[in-house]
Amino acid sequence: MLKFYDQQGRKDLPWQQNKSGYSVWVSEIMLQQTQVKTVIPYYQKFMRHFPTLQSLAEADMDQVLTLWAGLGYYSRARNLHACAKQLWHNFNGQFPQDLKTLMSLKGIGESTAGAILSLAYGKPEAILDGNVKRVLARYFLVDGWYGKTSVMQQLWQLSRQLTPKQCTGEFNQAMMDLGADICNRANPRCLVCPLKNQCRAHLEGKTAEYPHRKPTNKIPTRSADLLLIQRDQQIQLQKRPPSGIWGGLWSLPELETDKNTDFDQIGQFTHTFSHFKLQASVQSPSNKAKTSTKSFLIAENPMLAWHNLNQLHEIALPTPIKLFLQQYFKLTE
Ligand code: SF4
């Protein structure tokens, strides 16, 4: 793996330049459930706004979410911000150098802690991100789905056993790169893989079966009625509660009334979250309602605000809402 790292490992990723605990940490959080090529522009923009831990710790949550909008899994951004504050106020802005303390911080699990310590500080800590899990599951033919504790324990044990005490950062980077570039999920390129002579999945022709997939449970569908109210070139948006789906982001207000004649459907979209499918109907006040009601909602509700249509790119909108509004109002980015 170290030879593979020397010859083919990625060494020019933005977070590998002027490497620090801060750069590795931000990139590792962004890379969770997200591919490198998607992360790069977000990372660069994020670092331009928050070049230091202090600047992130002192930032407004809204600014952080605006830069995160589109990457999804927004609890990552909220935890990142909370963790920056913890580090700044309780640890003099320094990353703790032991696994346990690092893991006690918001949003830092064992693999992220291992990545920060090994990649940024050369400490001999193992990692187990999605790429490493896949490589190990195939190489050793580990049975069972990762969601099971026993399977995760087995994978962690293998990862810890294999991780060398020296050149740990290079080894970890090599495992991640191999998983991303060669041992990918759909089309592993075994013929050019440095592990092909020992890998059981390859030798036994079972790469398609491993890693074992999550047993399929159909996810439920939920429906929501969203309200679009326009006044000249402005629309009303509602700030979502800080936690939960789209926490802290701006969205179209959700209608709590039963469907009635005061609203007409003007559009719809679906969006699949990890645990349910959202079927959204977007509604607008009917002509009758417009003439009978002078103002909607906004008077008393501090979570609602008017936003200019041509400034929507400046606020944190969930991707499906942004796409809907772009299409509906024919807006460009
Ligand atoms: S030989 Fe194939 S399945 Fe095994 S680690 Fe390499 S790419 Fe993955």
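Conventions we followed
Residues numbered from 1 in each chain as written. Predicted model: local features only at pLDDT ≥ 70, side-chain atom pairs only at ≥ 80, totals over all residues. Heavy atoms only, no water. Phe/Tyr/Trp six-rings, centres within 6.5 Å; stacked < 30°, edge-to-face > 60°. Helix = DSSP H or I, 4+ residues; strand = E, 2+ residues; numbered from the N terminus. Lys NZ or Arg CZ within 6 Å of the ring centre and 35° of its normal. Near = heavy atom within 4 Å. Nonpolar A, V, L, I, M, F, W, Y, C, P; charged D, E, K, R; others polar. Buried < 20%, exposed > 50% of the residue type's maximum accessible area, 1.4 Å probe, protein only. Contact = heavy atoms within 4.5 Å. Expected span 1.5 Å × (residues − 1). Pairing = 2+ DSSP bridges. Axes fitted to C-alpha atoms, helices over the stretch in contact; angles between N-to-C directions. Salt bridge = Lys/Arg side-chain N within 4 Å of Asp/Glu carboxyl O. Domains from an automatic or database assignment. Buried area = accessible area lost by both parts, 1.4 Å probe.

A.B. asks: Please give an account of the packing of aromatic side chains that cites residues and values.
C.D. replies: Enumeration over the complete set of coordinates arrives at 11 aromatic pairs. Plain terms: the ring middles of W15 and Y43 are 5.1 Å apart, the flat faces sit at 75 degrees to each other, and that makes the pair edge-to-face. With a gap of 28 residues between them, W15 in the loop between α1 (2-8) and α2 (21-31) and Y43 in helix α3 (residues 36-49) connect regions that are remote in the sequence. Feature note: the residues F269, F324, Y328 and F329 constitute an aromatic cluster, connected by ring pairs. Above the ring of F276, the side-chain terminus of R222 is found at 4.0 Å from the ring centroid. Across the ring face of W306, the terminal group of R231 is positioned such that the distance to the ring centre comes to 4.1 Å.

A.B. asks: Please give an account of the site of the ligand that cites residues and values.
C.D. replies: Every residue close to the ligand is listed here: R138, I182, C183, C190, C193, K196, C199, H202 and T207. Broken down by class, the residue content of the shell around the ligand amounts to five nonpolar, two polar and two charged.

A.B. asks: Account for unusual backbone geometry, with residues named and values stated.
C.D. replies: Comment: phi is negative for the bulk of residues other than glycine, and the bulk of peptide bonds are trans. The amide bond that connects Y210 to the next residue, P211, takes the cis arrangement and shows omega of -5 degrees. Within the element layout of this structure, P211 appears in the loop between α12 (200-203) and β1 (221-227). Phi is positive for C167, which is not a glycine, with a value near 55 degrees. Residue class for C167 comes out partly exposed when judged on its relative accessible area of 42%. In this structure, W246 is a non-glycine residue whose phi angle is positive, near 55 degrees. Mapped onto the secondary structure, W246 falls in the loop between β3 (234-239) and β4 (250-251). Overall, W246 belongs to the buried group, its relative accessible area being 8%.

A.B. asks: Quick rundown of helix α9 (residues 130-139)? Include the residues and the values.
C.D. replies: Among the 10 residues in α9, nine count as buried, and that is most of the element. Among all positions in α9, only N131, V132, K133, R134, V135, L136, A137, R138 and Y139 are buried. In the core, the buried residues of α9 are packed alongside α10 (149-162), α11 (168-182) and α12. Note on α9: the residue one or two positions beyond its end, L141, has a positive phi of about 50 degrees.

A.B. asks: Got a sec to walk through helix α6 (residues 75-90)? Specific residues and values, please.
C.D. replies: Over its 16 residues, α6 extends 22 Å from the first C-alpha to the last, a length consistent with the 22 Å expected when each residue adds 1.5 Å. All of the buried residues in α6 are R76, A77, R78, L80, H81, C83, A84 and L87. Where α6 is buried, its residues contact α2, α3, α4 (53-57) and α5 (61-68). N92 sits one or two positions beyond α6 and adopts a positive phi of about 55 degrees.

A.B. asks: How would you sum up the sheet that holds β1? Please name residues and give values.
C.D. replies: Note on sheets: strands pair through backbone hydrogen bonds, and any given pair is parallel or antiparallel. The strand order across the open sheet formed by three strands is β1-β6-β5, and the pairing between neighbours is mixed. The sheet is open, and its two borders are formed by β1 and β5 (263-272), each paired with just one other strand. Taken over all neighbouring pairs, the strand axes of this sheet differ in orientation by 20 degrees on average, direction set aside. For β1 and strand β6 (residues 277-285), the ladder comprises seven bridges, and the chain directions are parallel. Of the residues in β6, the one forming a bridge with A224 is A280.

A.B. asks: Could you give an account of the environment of Y42, with specific residues and numbers?
C.D. replies: Note that Y42 resides in helix α3. Along the primary structure Y42 and W68 are separated by 26 residues, whereas in three dimensions their C-alpha atoms are 7.2 Å apart. Those residues in contact with Y42, other than ones at most four positions away along the chain, are M30, L67, W68, A69, G70 and L71.

A.B. asks: Could you give an account of the pattern of salt bridges, naming the residues involved and the relevant values?
C.D. replies: One pass over the full model with this rule turns up seven salt bridges. Residues D181 and R10 are paired through a salt bridge, measuring 3.9 Å at the closest nitrogen-oxygen approach. Residue D181 is found in helix α11, and its partner R10 is found in the loop between α1 and α2; the two are separated by 171 residues along the sequence. Close ionic contact of E204 with K206 constitutes a salt bridge, the shortest N to O distance being 3.4 Å. One network of salt bridges, with partners in common, ties together R10, D177 and D181.

A.B. asks: With reference to specific residues and values, describe the domain arrangement of the protein chain.
C.D. replies: Annotation of the protein chain at the domain level lists domain 1 (2-203) and domain 2 (221-329). The C-alpha centroid of domain 2 is placed 35 Å from the C-alpha centroid of domain 1. In this assembly, domain 1 packs against domain 2 so that about 750 Å² is buried in total across both faces, 50% of it on carbon and sulfur atoms. Among the residues of domain 1 in contact with domain 2, T66, Y74 and R78 are the three that bury the most area, contributing 53% of the side total. Linking domain 1 with domain 2 are one salt bridge, by the criterion used here. With its nearest N and O atoms 2.5 Å apart, the salt bridge here joins D62 to K239.

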